[in-house]
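Reading the structure
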Amino acid sequence: MSTNTVAVMLRETKQDGPSPAMRVKHFVGDYGILIIFAIVLAFLSIAAPNFLTLDNLVNVVRQSSIIGIIALGMTFIMITAGIDLSVGSVVGLAGMVFAILAPSSGNALWIPLVAGLGVGLLVGFLSAALVVWGRVLPFLATLATMAVARTAALVLTDGQVVSGLSGPAEWLGSGFIGPIPVPVILFIVAALLCDFVLSRTKFGSHVYAIGGNEESSKKVGISVNRVLFTVYLIGGGLAAMGGLVLTARLDGAAPTAGLTYELQVIAAVVIGGTSLFGGVGTIRGTVIGVLLLGVVMNGMNLLGVSSYYQQGVQGLILALAVLLNRWKSD
Amino acid sequence: MNMRRRVSTVAALFAASALVLTGCSNGGSASDDASGGDEQYDIGVVVLDLQDPDLAHMVEAMEASAEEEGVTLHVADSKKDVASELNQVEDLLTRQVDAVIMQPLDGEASQNAANRVIEAGVPLFILSTEFADGADVAYESYIGVDDTLAGVMQAEYLNEQLPEGGKIVFAAGIYGASWTDRRKSGFDDTINDNFEIVAEFQAKGSRDEGKRNMEDTLQRFGPGEIDAVVANNDEMAIGAASAIKDAGRTGDIAEVIGVDGTPPAVAAIEAGEMTATVRQDSAGQGEEAVRVVHSFLKGDTVEDRYTLPFTLITKENVAEFAE
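First, a word on what this report is: a plain description of the structure on this page. Values in this document were obtained by computation on a predicted structure and should not be read as measured data. (Residues numbered from 1 in each chain as written. Chains lettered and ligands numbered in written order. Predicted model: local features only at pLDDT ≥ 70, side-chain atom pairs only at ≥ 80, totals over all residues.)

**Some words on the overall build of chain B**
Threshold: Each helix is a run of DSSP H or I of at least 4 residues and each strand a run of E of at least 2, with the numbering of both proceeding from the N terminus. Put simply, a residue is buried when 20 or more other C-beta atoms lie within 10 Å of its own C-beta and exposed when 12 or fewer do; between those, it is partly exposed, and each C-beta is set from the backbone. Note on contacts: residues are paired as contacts if their backbone-placed C-beta atoms lie within 7 Å.
Secondary structure summary: chain B contains 11 helices and 12 strands in total. Taken across its 323 residues, chain B has 46% of its residues classed as buried. Residue pairs at least 24 apart in sequence account for 75% of intrachain contacts in chain B once pairs closer than 6 positions are excluded.

Written out as structure tokens, the structure is:
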């Protein structure tokens, strides 16, 4: 498994005569989250008799795929040193638009799909407009769009739940292609695409450059505004996609759907090694962060751990991952 | 701070003068009005969460009822936040409403806001959620249900349906919230000893969390190891039912029970995915509250408590509730 380029650069600049202690540190720094993931998997395989079954593993990945799809977009945004708090509200709004249009439009599934993704892109555009043109901090800009999108979801149905989708719409959340659930396939395809864009394209390298240093990126001729607009559009679009899958999976949309998703998504991305200060992060790391959180939640349910402790354990993992990242970059 | 105070003073003055003006015009029109006698009353309503579909529905019913009764409602949303609840109450008092209908957010913490109404000399009515035992709030009447009864009815239903008992998975709402605690304690106190709760999770009232937790629970317990799923509300029960359906175990788990009687839950009972729910008639409570307050303002005496019953909805009577 390769690490991200920035981490490698950091490592090489610091490496004059690597002592064994330094080597251990680098190894743990680079692979720490994978090691934690492996330990958790090993522990659950022994402790929870139903954990290591094909059925349960499919279940975990399917559950994680919605947060996962959203986390991919968040990774782009956070590498530019931004953040998007609106994703949970976008899940609610896009899901609501999808649910309203899905049963009435019969076979033309593309109408609710396009409309749902469209509102996600619109919210992403608004966030980007505030950040780029309004020069508002991403945290505040997306706090505003978070409130606006949630309000829109509530106003659309006067706070009511919309339940019951057409068969093809439901397939998006509950269907299978071969043995693999549709949400998992969407997650895998989106992750591969995002990984390619981020690690192999000029745009991807610009995303890292802006997060590393926005001013010098401008000086070397990177169109910073265009890149920022693009990452918030990617974030809004993928959050909307998560909302459509969630709505399809639940066969209905609640205006409060996706509440606090932004926190879970940000936690997963940070656990995956992306820095809140920008310039650092990978899609692979994010995927591992998402799966780690998903596996931990599933494992606690299998072990019958009380709900009281579940959030606390998530918090512990987050703290551990952040400490690991800090230690690595020191 | 200073600026804000000045603004609010101006706003209060403005509101006061507006009231004087409308008062005058009302007085004028009242003498012209042949049917006459009816004064125009303004009733403030503080709802705990307008984002909740059931409460949104309740407010709609209250507004319709207010129109019939010829009173004006000013609806405020405390957004599940005690500080915001107090602000909303103070704003309503500033607007000099004739009475306040309040749905307390918290059995303890909301007493402060309630007493603010009473100190201002405005009659207070409590809707659908109750204060904790030993509360010192001199309200005029309580209109609503006792959430404990919903849990009691779920348990009585199970005791009757599964006389042999069985293994229960319990989907709790939000620990510490009065609706969850009361419904849960009513259930726990009433379910007989033949039953055992083998797993309990907190799904915060949402379909999403209900489904996710139930999927894991189905991995933990194989076919024949769960007899019933009991949820503190319908959205969680629907989520659990959907997980059971996806796993192809609908017939295997005999009972899936919720509370609220929302339209999607009624549809799920019709489809055989859920087996029962207990309907709290929120709309009925809201309408009743508006009527009680109006008759109080007209000078009639009112009772201390108006409790409305829950209704058990099962396959047998579900057709009556389908829209």
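**Some words on the overall build of chain A**
Stated formally: Based on C-alpha atoms, the radius of gyration is set beside the globule rule, defined as 2.2 Å times the residue count to the power 0.38.
Of regular secondary structure, chain A possesses 14 helices and four strands. Over its C-alpha atoms chain A spans a radius of gyration of 20 Å, differing by no more than 12% from the 20 Å that the globule rule assigns to 330 residues. With the principal axes as the frame, chain A shows a C-alpha extent of 70 × 55 × 35 Å. The 330 residues of chain A split such that 51% are buried.

**What to know about unusual backbone geometry**
Residue and element names in this part refer to chain B. Of note in this structure, K80 is not a glycine but carries a positive phi near 55°. Here the phi dihedral of D260 falls at roughly 130°; this positive angle occurs in a residue that is not glycine. Mapped onto the secondary structure, D260 falls in the loop between β9 (255-259) and α9 (263-270). For D260, a count of 27 C-beta atoms within 10 Å gives the class buried.

**Some details on the sheet that holds strand β5 (residues 141-144) of chain B**
Residues and elements named next belong to chain B. For clarity, the cut-off: Paired strands are those between which DSSP finds at least two bridges. Here the axes come from fitting lines to C-alpha atoms, over the contacting stretch only for helices, and the angles between their N-to-C directions go from 0 to 180 degrees.
Strand order across the open sheet formed by six strands is β2-β1-β3-β4-β5-β11, with parallel pairing between neighbours. The sheet is open, and its two borders are formed by β2 (72-77) and β11 (305-307), each paired with just one other strand. Neighbour-to-neighbour, the strand axes of this sheet turn through a mean angle of 20°, independent of strand direction. Relative to β2, strand β1 (residues 42-47) is paired through six bridges, and the arrangement is parallel. Its bridge partner lying in β2, V47 is registered against D77.

**Re the environment of I70 of chain A**
All names here are of chain A. Within the secondary structure, I70 is located in helix α3 (residues 54-79). Considering only alpha carbons, one finds I70 and G243, 173 residues apart in sequence, at a separation of 8.9 Å. Beyond its immediate stretch of four places on either side in the chain, I70 contacts V87, L238, A239, G242, Y261 and V265.

**Concerning the interface of chain B and chain A**
Applicable threshold: Residues were grouped as follows: Ala, Val, Leu, Ile, Met, Phe, Trp, Tyr, Cys and Pro as nonpolar; Asp, Glu, Lys and Arg as charged; and all remaining residues, including Gly, as polar.
Contact with chain B, which involves 27 residues of that partner, is made by 26 residues of chain A. At the level of elements, α2 (53-69), β7 (195-202), α7 (207-220), α8 (234-246) and α9 of chain B are the ones that each hand at least two residues to the side of chain B that touches chain A. The element that contributes the greatest number of residues to the side of chain B that touches chain A is α7 of chain B, accounting for 10 residues. Its residues placed into classes, the side of chain B that touches chain A shows seven nonpolar, 10 polar and 10 charged.

**Details of the sheet that holds β7 of chain B**
All names here are of chain B. Within the open sheet, the six strands sit side by side as β7-β6-β8-β9-β10-β12. Their pairing is mixed. Looking at strand neighbours, the two that pair on one side only are β7 and β12 (311-314), the edges of this open sheet. For this sheet the average axis-to-axis angle between neighbouring strands, irrespective of direction, equals 20°. In this structure, strand β10 (residues 276-279) lies alongside β12, joined through four bridges in antiparallel fashion. Opposite A276, over in β12, you have T314 as the bridge partner.

**Re the packing of helix α8 (residues 182-200) of chain A against helix α9 (residues 202-212) of chain A**
All names here are of chain A. We apply this condition: Comment on the angle field: the value is read as roughly parallel under 35 degrees, roughly antiparallel over 145, roughly perpendicular from 65 to 115, and oblique elsewhere.
Where α8 contacts α9, the axes come no closer than 5 Å and their chain directions differ by 70°. The pairing of α8 with α9 is recorded here as roughly perpendicular in orientation. Contacts from V197, L198, S199 and R200 in α8 reach F203, G204 and V207 in α9. Its residues assigned to classes, the contact of α8 with α9 shows four nonpolar, two polar and one charged.

**Brief notes about helix α4 (residues 111-119) of chain B**
All names here are of chain B. Put simply, the rule reads: Here the arc refers to the set of directions running from the helix axis out to each C-beta atom.
Among the residues of α4, those classed as buried are A113, A114 and V117. Angularly, the buried residues of α4 cover 100° about the axis, an arc narrow enough to put them on a single face. Tucked inside the fold, the buried residues of α4 contact α3 (82-94), β3 (99-102) and β4 (124-127).

**Focus on the nonpolar core**
Put simply, the rule reads: A set of buried residues qualifies as a nonpolar core if it consists of Ala, Val, Leu, Ile, Met, Phe, Trp, Tyr and Cys joined through C-beta atoms within 7 Å.
Ranked by internal contacts, the top residues of the largest apolar core, which has 97 residues, are I69, I70, A94 and V265 of chain A. With 15 residues, helix α11 (residues 224-250) of chain A is the single largest residue contributor to this core. In terms of nonpolar packing, the next biggest core, distinct from the first, is built from 45 residues, V152, M236, V256 and I269 of chain B among them.

The values reported here are purely geometric and, on their own, carry no functional implication.
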